[in-house]
Amino acid sequence: MHDFDEETDALAEKIFTYARDRTRLDPIPLNHPKTEDELREQCGPTITTDGIGGVAALEMFTDILEPASLSVDYTKYLSFVPAAPTESAVLFDLVVGAASIYGGSWLEGAGAIYAENEALDWLRQLAGMPEGAGGVFVPGGTVGNLSALVAARHAAVLRLGDDRPARFAMIASKETHSSVQAAALVMDCDVILCETDENRRMTGSEVASLLDEHGDSIFAVVTTSGTTNLGIIDDLRSIGEVCRERGVWMHVDGAYGGAGLASARTRSLFDGLELADSFIVDPHKWLFAPFDCCALLYRDPSKAVDAHAQHAGYLAFLDSHGDKNPSDYAIHLTRRVRGLPFWFSLATHGTAAYEAAIDVTLDLTDAAAEMIRQADHVELAHEPNLSVVAFHRVGWDAAQYQAWSEKAMASGLAFVTPSRLDGTPIYRFCFVNPRTTTDEIAEILEALK
Ligand SMILES: *Cc1c(COP(=O)(O)O)cnc(C)c1O
């Protein structure tokens, strides 16, 4: 099965055709999930002693499995944070798989890692972080946050030595992403919740009083540059200054919103980000890369190496070839060079095309907010931030929100799911797909009448 023969050749043809057709598919269907029993019945046995053959397996995917999986790039998929990978990034993902490159060490993956680092450096410059800052692409914001926070705590352990506290804690706000609580559980440390201001932003003065209260037990302050629910950016400058003054690590979670750095219209909202000790942004969210791809940057990457480098006899040869090994910057060893589709698309189209595409989604945000202001049956729950529009369907309870979303998904009208704000149900549109049109937004709002 490792030999290329006529059968593989025919299969290659079919797979390339599939990929080409999928990248130019218009319109893209939403699709709909099925139960495990339904899928079992439709597929029959998939793993057999003699194999079902590549063509049959591919047909099973295209005819049964894919239609039972939602297309995240469907233009009316506006829930959570959708995705809208560029065609060049998607196509290059095929190349990454075919090229069989190990992305953990410079020795093995130098060329590919060089290109990944070019893409990371574009993000570093946008963030205003100093030269020498750098990092690695990890699967997602969850692993990015965890890896950064492990590095932060390790730096505190090294700094405090015998004076370290019995239990460490980090400061975050109640708007902070759920993955930060998940990281705290893995790390067996506490999260101290910081009050936010009237705009739901964490500020330096609140952080300062928590630092006064909790002293050296705080190893990091986790700020968010674009909350998932509302797109809100904490007051990065005032928090950054407090963190600097106290020698506490500032982490900025820009998994969703960090892409806003690339637009002149939103860049100033990130003022103070340059003070961060670590920063993440998911190109698989608003930077048009396929899953899965999170850029993790450290102001001083050597601190990440202190925490994450793995040492063993069988790895020593890698260390003898320099210390720029991506595996040393996060919780992983083997890694796919998952930053390459993002790099390829950036190299292909140039950064101006990225700014233009983000601006289209900002225009959609403005248009949607205006339509909601004009309508009686819906009401903005918050002024839009970045590309998130959160709104109420006037007069509906949680069950009605849920029922409408189920129906909209079943009919293929839209994927718009309920969220909650201060205990009440809301809908939110998150725009990351430049192919979404204002007519489609109007169609969804009309269907909510
Ligand atoms: C999406 C998101 C995460 C988690 O990222 P994954 O890539 O889903 O692991 C973390 N923080 C914020 C603010 C997010 O929006």
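These numbers were taken from a predicted model, which means no experiment stands behind them. Per chain, residue numbering runs from 1 following the sequence as it is written. The predicted nature of this model means local features are confined to residues of pLDDT at least 70 and side-chain atom pairs, given and counted, to a pLDDT of 80 or more, with totals for whole chains, interfaces and linings taken over all residues. Side-chain metrics rest on all non-hydrogen atoms present in the structure, leaving aside hydrogens and water.

**As for the overall build of the protein**
Next up, step 1: Helix and strand assignments come from DSSP, with helices taken as H or I runs of at least 4 residues and strands as E runs of at least 2, each series counted from the N terminus. Counting its regular elements, the protein contains 16 helices and eleven strands.
Next up, step 2: Taking 449 residues into account, the globule formula puts the C-alpha radius of gyration at 22 Å, and the protein, at 23 Å, falls close to it.
Next up, step 3: A principal-axis box enclosing the C-alpha atoms of the protein has dimensions of 65 × 65 × 45 Å.
Next up, step 4: Burial classification: accessible surface area is computed with a 1.4 Å probe over protein chains only, and a residue below 20% of its type maximum counts as buried, one above 50% as exposed, and the rest as partly exposed. For the protein, with 449 residues in total, the buried portion stands at 51%.
Next up, step 5: Between two residues, a contact is recorded if the distance between any of their heavy atoms is within 4.5 Å. Taking contacts inside the protein between residues at least 6 apart in sequence as the whole, the part at least 24 apart equals 71%.
Next up, step 6: Accessible surface is estimated by sampling points in the Shrake-Rupley manner with a 1.4 Å probe; for residues, cover comes only from the protein chains shown. Total accessible area on the protein is roughly 20,600 Å²; 53% of this is exposed by carbon and sulfur atoms.
Next up, step 7: Only four residue types enter the tally: Lys and Arg on the positive side, Asp and Glu on the negative side; His and the chain ends are excluded. Think of each charge as sitting on NZ of Lys, CZ of Arg, CG of Asp or CD of Glu. Charged side chains of the protein number 34 positive and 66 negative; the gap between the two group centres comes to 3 Å. Within these notes, the globule rule equals 2.2 Å times the number of residues to the 0.38 power, and the radius of gyration is based on C-alpha atoms.

**Looking at the site of the ligand**
Next up, step 1: Throughout, the term near means that a residue has one or more heavy atoms lying within 4 Å of the molecule or strand in question. Around the ligand, 14 residues are found, and the nearest of them are Gly-141, Thr-142, Asp-253, Asp-282 and Lys-285.
Next up, step 2: Taking Asp-253, its side chain carries an N or O atom lying 2.6 Å from a nitrogen atom of the ligand.
Next up, step 3: Notes on the ligand: free accessible area 380 Å², of which the protein chains cover 85%.
Next up, step 4: If you list the elements that add at least two residues to the shell around the ligand, you get helix 6 (141–160) and helix 10 (283–286).
Next up, step 5: At three residues, the largest contribution of residues to the shell around the ligand is made by helix 6.
Next up, step 6: Think of it as three bins: nonpolar holds Ala, Val, Leu, Ile, Met, Phe, Trp, Tyr, Cys and Pro, charged holds Asp, Glu, Lys and Arg, and polar takes everything else, Gly as well. A class-by-class count of the residues in the shell around the ligand yields two nonpolar, nine polar and three charged. Here a polar contact is taken to be a pair of N or O atoms separated by no more than 3.5 Å, where protein atoms must pair a possible hydrogen donor with a possible acceptor and residues adjacent in sequence count only if both atoms sit in side chains.

**Some remarks on empty space enclosed by the protein**
Next up, step 1: Lining residues are those with an atom within 4 Å of a point, where the points come from a 1 Å grid over the protein atoms alone and group into cavities, where a 1.4 Å probe fits but cannot get out, or pockets, open sets with protein on both sides within 12 Å along at least five of seven lines. Grid points are joined across faces, edges and corners, and a volume is the space filled by probe spheres set on the points. Within the structure shown, the criterion is met by two cavities of 30 Å³ or more.
Next up, step 2: Of the volumes computed, that of the largest cavity is approximately 70 Å³.
Next up, step 3: Taken together, Ser-105, Gln-310, Leu-315, Leu-318, Asp-319, Asn-325, Ser-327, Asp-328 and Leu-333 make up the full set of residues lining the largest cavity.
Next up, step 4: Partitioned by chemical class, the residues of the lining of the largest cavity number three nonpolar, four polar and two charged.

Read these as geometric descriptors, not functional statements.
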